[in-house]
Amino acid sequence: YFRNQPKPQPTPEPVFFDFDTFKQTLQPERYEQNTFIQNLFYRVQFPFEIDEVTKMIQLYRLGTVASGYRAGANTFPFIDINQNVRAIQVKQFDEQNHTTGTDFLHSIIEKHHARNNKPLPEWLEAYTKQSKVISCLFGEHLLSKFQSSPVALVEAPKTAIYGMLYFGFPETPESLIWLAVYNKSSFSFDKLKVLKGRFVYVFPDLSKDGSTFREWESKAKEYESRLPGTRFIFSNLLE
C-alpha cells in the first residue's frame, strides 16, 4: 500500500538568467531613451531629485531595452537573495508612466533568434524549459543588504519603485525596503518564505470588491503559522 504513494517531487532548481546579458541592460548611455526613467526625472508631478532616481536605479538595477520592438522599455530584474537574476520583466510606458506593453527579456531574445534563424544560446535553451520564471520577489536581493529592515510588500515592481521614492531610502534599520510579488496570484508561500523573521507591511493593490485584500490576508495568516517570527501587517492605504 505504502509503496505506491507518489513521492513528493522536489521543486526543480531554477535556471538563472545569463548575467552578462543582464549586465547589457544596465549600460548608462541607454537611460536617456528609457521613458520610465525620463518620466521620473522630468515628468512626474512630484519631481524627484536626479540623485535619488539614480540611487533607486542602482538599488533595483533597473535597465533599458536598447533596440527592437521594445526599444526604450524599462527592465525590472527579479534578483534573488543570493544575487542571482531569476527573470527580467520588460515594460513600456507612456509619458504619464502608464504601462503600454509588457514582456520578458528572455522572450524578446528568443523571438530575435527565431526571426534570424539563429540557434538559441545554451543558457536560454535550459531557461525556457522551466515552468516558472518568476520564482522570487522583485527587490529580494535587498533583503541581504538590509538585514533588519521591515519590508513593504506590494504587487507590482513599479509600485515598489514609487514606494521607495516617496517614502525614502532604507537609511536606518527601521526604514522600509520595498519589494513586489509580481501579480495577484504570486502571493505564494514559496515566494514569501524568504521573509521569515521579518515585519512585513502588505499593501494589496486595489481590486473592485476588495477581493485581493481578503485573499492575501487569509493566506498571510496561514503563512505566519509556518514562518516563526514573521508578522504580516495589512495596510488599506491603496484601498
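From a predicted model like this one, the values you see are computed outputs, not experimental measurements.

(A) Up close: helix H4 (residues 105-115). Residues Leu105, His106, Ser107, Ile108, Ile109 and His113 constitute the buried set of H4. Among the structural elements, helix H1 (19-24), strand S3 (85-93), strand S4 (99-104) and helix H5 (122-128) are those in contact with the buried residues of H4. In the segment just after H4, Asn117 is the residue with positive phi, at about 50°.

(B) Molecular detail of the pattern of salt bridges. Throughout the structure, instances matching the rule amount to twelve salt bridges. Residues Arg86 and Asp80 are paired through a salt bridge, measuring 2.8 Å at the closest nitrogen-oxygen approach. Each member of the pair, Arg86 as well as Asp80, is classed as buried. Residue Glu215 pairs with Lys219 through a salt bridge whose shortest N-O separation is 3.3 Å.

(C) Up close: the packing of aromatic side chains. Following the criterion strictly, the structure yields 23 aromatic pairs and no others. Pairwise contacts between aromatic rings join Phe36, Tyr60, Phe76, Phe78, Phe93, Phe104, Phe138 and Tyr182 into one cluster. Over the face of the ring belonging to Phe169 we find Lys55, whose NZ or CZ atom lies 4.5 Å from the ring centre. Looking at Arg226, its charged tip hangs above the ring of Phe189, at a distance of 3.6 Å from the centre.

(D) Representation of the packing of helix H2 (residues 35-43) against helix H3 (residues 50-60). As a packed pair, H2 and H3 sit with axes 9 Å apart at the nearest point and diverge in direction by 155°. It follows from the interaxial angle that H2 and H3 lie roughly antiparallel. Crossing hand, H2 versus H3: right-handed. Contact residues: Ile37, Leu40, Phe41 and Tyr42 in H2; Ile50, Val53, Thr54, Met56 and Ile57 in H3. Per-class residue counts for the contact of H2 with H3 are eight nonpolar, one polar and no charged.

About the criteria used
Residues numbered from 1 in each chain as written. Predicted model: local features only at pLDDT ≥ 70, side-chain atom pairs only at ≥ 80, totals over all residues. Heavy atoms only, no water. Buried < 20%, exposed > 50% of the residue type's maximum accessible area, 1.4 Å probe, protein only. Helix = DSSP H or I, 4+ residues; strand = E, 2+ residues; numbered from the N terminus. Contact = heavy atoms within 4.5 Å. Salt bridge = Lys/Arg side-chain N within 4 Å of Asp/Glu carboxyl O. Phe/Tyr/Trp six-rings, centres within 6.5 Å; stacked < 30°, edge-to-face > 60°. Lys NZ or Arg CZ within 6 Å of the ring centre and 35° of its normal. Axes fitted to C-alpha atoms, helices over the stretch in contact; angles between N-to-C directions. Parallel < 35°, antiparallel > 145°, perpendicular 65-115°, else oblique. Left-handed = near helix turned anticlockwise from the far one by under 90°. Nonpolar A, V, L, I, M, F, W, Y, C, P; charged D, E, K, R; others polar.

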